Amino acid sequence: MQTLLSLSNDLASAVERAARVVVAVHARPRLPSTGVHWRPGIVVTAEHTVRVEEEIRVVWPDGRATPARLAARDPATDLAVLRIDDTDRPVAEIGDSAELKIGNLVLAVGYGPRASWGVVSAVGDATGHGGDVNRLLRVDLVLYPGFSGGPLVDASGKVAGLVTSGLSRQLDLAVPASTVARIVDEVLTTGRVSRGYVGLGLQPVVLPEALKRVAPGSASRGVIVVSIEGDGPAARAGLMLGDVLLALEGTPLRVPGDVQAALAGRRVGSAVTVSLIRAGAPLDVAVTLGERPSRKR
Amino acid sequence: MPATLTSDLSAVVGRLRENTVELRSMGRAGGSGVIWRSDGLIVTSAHVVGGARLTHHGLQVVLPDTRRLPATVLEWDRNLDLALLRVETHGLPAAQVGDSNRLRPGELVLAVGHPFGLSAAVVTGVVHAAPARGAAGRRWVQADLRLAPGNSGGPLADAAGRVVGINAMIAGRLALAVPSQVVETFVTRSAPHD
């Protein structure tokens with residue numbers, strides 16, 4: 001009896017603990033999303049739920065509202081960083097997201113508080129690239145309406161990540177706390193999130209037999225260049241319309257989103273090798289990453 | 001899972017199944033019910049006995065010990081979605097009733113029922129939110145729990161096996177239950193203790 005009850009109490013206490021730092025974020029019409037008071041004066045939420053840039057409001061557990069300013073957005077991790085003046089409130093107790101393993105019990109907490117439970121079902125990003133930088137967590141739990149941007153909570157009540165439905169159409173994922181911390185640090189020191197950028201419009205393609213034969217690693221899919229940003233990094237590197245890109249620094253590209261994923265964490269000014277097929281023949285091109293044009297606040 | 005957790009769960013589920021009945025209407029499996037008093041009072045959802053209420057026959061309760069008994073409808077409340085039935089027998093294992101007002105988001109809950117006519121199946125989940133008023137002023141216990149048709153009328157219980165709600169419906173991916181405090185009031189007014 002004791003053990004089931006004590007687990008139940010632990011879970012309820014974990015929700016209570018996390019709920020102290022969970023806010024409602026009003027940055028779009030109708031349904032507010034959830035956010036986490038990450039550091040004094042900094043609230044993080046899901047970028048896809050921030051649809052306005054003015055008159056954003058954040059509501060605390062006690063119902064008090066405070067205005068918020070958008071400091072930075074990062075669509076690649078679906079994170080948005082908001083600044084608030086209310087610094088005298090509890091901040092999140094951050095857990096070690098690197099310690100989370102498949103099968104660990106986790107909770108998602110929405111403003112209310114509302115809760116759902118489940119387990120970590122996979123570690124490593126959804127497109128299978130893995131690696132430290134893009135170590136997204138797949139979670140087997142229900143993200144109820146408005147939950148995106150809220151905390152992924154471990155059984156002790158610490159915040160191990162931020163949940164979102166916005167990174168993948170099929171999967172509910174969590175951005176680990178280590179990634180959130182890195183993004184917040186970058187925003188606090190440089191005022192923005194710097195993202196390597198190539199300047200290309202892409203569409204997924206299935207390779208015909210003839211191209212599959214020349215494709216390195218016998219790739220069967222790639223992304224074809226359908227537009228190039230004039231004077232962007234790809235243009236300056238000599239990429240052309242019709243080039244079929246197969247890999248970036250060895251990471252296979254199957255859908256346009258794979259390019260952003262492969263660029264995650266790469267510094268502006270660094271060079272990346274793009275493996276492609278042009279006019280039926282394989283080619284490697286070095287592209288020097290530029291900075292994605294973004295608004296500074 | 002540690003051995004103690006699994007055996008705790010088995011023990012709680014075992015007791016809860018003892019308090020859960022199957023309802024059959026016109027020979028067909030209809031849902032579940034909870035033994036509310038040992039002298040033969042059974043609580044279920046109004047929508048589970050809807051048709052039988054009008055005909056007043058063909059309604060049967062299948063006890064955990066497999067005995068089938070005819071049941072009569074004492075009270076039927078569509079607004080609360082509750083029905084009170086009587087079976088002519090004594091000494092039934094009545095459910096322990098918990099305080100639905102004290103449910104905390106995240107705490108474990110279990111539902112026992114007869115989904116799709118299968119015998120007493122259990123699903124586990126957590127409380128989604130503290131009980132609050134929903135549409136039309138009705139109070140619901142909301143649980144992050146996967147209910148199936150056939151769970152209606154059955155118990156929603158806490159980790160100690162105390163019934164905190166009667167499973168009523170699924171709303172999106174949430175399970176909604178009539179709070180046990182509402183059920184107590186309903187039973188007391190419909191069948192005062194002798």
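Calculation rules
- Residues numbered from 1 in each chain as written.
- Chains lettered and ligands numbered in written order.
- Predicted model: local features only at pLDDT ≥ 70, side-chain atom pairs only at ≥ 80, totals over all residues.
- Heavy atoms only, no water.
- Helix = DSSP H or I, 4+ residues; strand = E, 2+ residues; numbered from the N terminus.
- Rg over C-alpha atoms; globule rule 2.2 N^0.38 Å.
- Buried < 20%, exposed > 50% of the residue type's maximum accessible area, 1.4 Å probe, protein only.
- Contact = heavy atoms within 4.5 Å.
- Pairing = 2+ DSSP bridges.
- Axes fitted to C-alpha atoms, helices over the stretch in contact; angles between N-to-C directions.
- Arc of directions from axis to C-beta.
- Phe/Tyr/Trp six-rings, centres within 6.5 Å; stacked < 30°, edge-to-face > 60°.
- Buried area = accessible area lost by both parts, 1.4 Å probe.
- Salt bridge = Lys/Arg side-chain N within 4 Å of Asp/Glu carboxyl O.
- Nonpolar A, V, L, I, M, F, W, Y, C, P; charged D, E, K, R; others polar.
- Core = buried A, V, L, I, M, F, W, Y, C linked by side-chain atoms within 4.5 Å.
- Domains from an automatic or database assignment.

Caption draft 1: Quick look at the overall build of chain A. In terms of regular secondary structure, chain A is built from five helices and 20 strands. The globule rule puts the C-alpha radius of gyration for 297 residues at 19 Å, and the 21 Å found for chain A is close to it. Dimensions of chain A, computed from the C-alpha atoms along their principal axes, are close to 65 × 45 × 30 Å. Relative to its 297 residues, chain A shows a buried fraction of 49%. Put simply, 60% of the contacts in chain A that link residues at least 6 apart link residues at least 24 apart.

Caption draft 2: Summary view of the sheet that holds strand S4 (residues 56-59) of chain A. All names here are of chain A. Read around the closed barrel, six strands run S1-S2-S3-S6-S5-S4, paired in antiparallel fashion. This sheet shows a mean twist of 40° between the axes of neighbouring strands, independent of strand direction. Note that strand S1 (residues 22-26) and S4 share three bridges and pair antiparallel. Along S4, the bridge assignment pairs His26 with Arg57.

Caption draft 3: Seen up close, helix H3 (residues 180-190) of chain B. Along H3(B), the residues classified as buried are Ser180(B), Val183(B), Phe186(B), Val187(B) and Ser190(B). Seen end-on, H3(B) carries its buried residues on one side only, within an arc spanning 115°.

Caption draft 4: Geometry of the packing of aromatic side chains. Residues and elements named next belong to chain A. Counted according to the given criterion, the structure contains one aromatic pair over all chains. Between Tyr144 and Phe147, the ring centres sit 5.7 Å apart and the planes meet at 70°, which makes this aromatic pair edge-to-face. You'll find Tyr144 and Phe147 in the same group, each marked buried.

Caption draft 5: Local environment of the sheet that holds strand S11 (residues 159-164) of chain A. All names here are of chain A. One closed barrel accounts for six strands, arranged S7-S8-S9-S12-S11-S10; its pairing is antiparallel. Mean inter-strand twist for the sheet, computed between neighbouring axes without regard to direction, equals 45°. Bridge analysis of strand S10 (residues 151-154) against S11 gives three bridges, and the strand direction is antiparallel. Bridged to Val153 within S11 is Val159. The sheet strands contacting helix H2 (residues 177-190) are S11 and strand S12 (173-176), and the helix crosses S12 at an angle near 55°.

Caption draft 6: Layout of the interface of chain A and chain B. In this complex, chain A contributes 21 residues to the contact, which on the side of chain B involves 22 residues. When chain A packs against chain B, close to 2,000 Å² is buried across both sides, 63% of that on carbon and sulfur atoms. Linking chain A with chain B are one salt bridge, by the criterion used here. Glu16(A) is the salt-bridge partner of Arg104(B), the closest N and O atoms lying 2.9 Å from each other. Of the residues forming the side of chain A that touches chain B, the biggest block, 12 residues, is contributed by helix H1 (residues 2-19) of chain A. Of the residues contributing to the side of chain A that touches chain B, the split by class is 13 nonpolar, six polar and two charged.

Caption draft 7: The pairing of strand S6 (residues 82-87) of chain B, seen in detail. All names here are of chain B. For S6, the tally of buried residues reaches five of six residues, placing the bulk of the element in the interior. In terms of strand pairing, strand S3 (residues 41-44) meets S6 through four bridges, oriented antiparallel. Residue pairing in the sheet places Val43 in a bridge with Leu84 of S6. Summarising the sheet, strand S5 (residues 68-77) and S6 pair through six bridges and their orientation is antiparallel. Looking at the pairing, Asp77 lines up with Leu82 of S6. As consecutive antiparallel partners, S5 and S6 are separated by four residues, and within that stretch Asp81 has a phi angle of approximately 60°, a positive value.

Caption draft 8: Up close: the pattern of salt bridges. Residues and elements named next belong to chain A. In the structure shown here, the tally under the stated rule is 16 salt bridges over all chains. The partner of Asp62 in a salt bridge is Arg64, and the shortest N-O contact between them spans 4.0 Å. Taking relative accessible area as the criterion, Asp62 reaches 48% and is therefore assigned partly exposed. One continuous salt-bridge network, built from bridges that share partners, spans Glu47, Glu53 and Arg73.

Caption draft 9: Spatial organisation of the nonpolar core. The biggest cluster of nonpolar side chains holds 40 residues, and the ones touching the most others in it are Trp36(B), Val43(B), Leu108(B), Ile166(B), Val183(B) and Val187(B). No other element matches the six residues that H1(A) contributes to this core. The two domains that each donate at least three residues to this core are domain 1 (3-87) and domain 2 (100-185) of chain B. If sequence neighbours within four positions are ignored, Ile166(B) has contacts with Val34(B), Trp36(B), Val43(B), Thr44(B), Ser45(B), Leu82(B), Gly153(B), Gly154(B), Leu176(B), Ala177(B), Val178(B) and Val183(B).

Caption draft 10: Structural view of the domain arrangement of chain B. Residues and elements named next belong to chain B. Segmenting chain B into domains produces domain 1 (3-87) and domain 2 (100-185). One C-alpha centre belongs to domain 1, the other to domain 2; they are set 15 Å apart. Listed per partner, the contact involves 25 residues of domain 1 and 28 residues of domain 2. Viewed at the interface, domain 2 and domain 1 are joined by zero salt bridges. Residue composition of the side of domain 1 that touches domain 2, grouped by class: 12 nonpolar, eight polar and five charged.

Caption draft 11: Region of interest: the pairing of S4(A). All names here are of chain A. Strand direction decides the pairing type here: S4 and strand S5 (residues 65-74), joined by four bridges, are antiparallel. If you follow Val59 over to S5, its bridge partner there is Ala65. Between the end of S4 and the start of S5, which pair antiparallel, lie five residues, with Gly63 showing a positive phi angle near 95°.

Caption draft 12: Representation of the environment of Pro29(A) in the model. Structurally, Pro29(A) can be placed in the loop between S1 and strand S2 (33-39). Note: C-alpha distance between Pro29(A) and Val52(A) (23 residues apart in sequence) is 8.7 Å.

Caption draft 13: Just the side chain of Arg24(B), in detail. In this fold, Arg24(B) is placed in strand S1 (residues 20-25). In this structure Arg24(B) comes out as buried when scored by relative accessible area, which is 17%.

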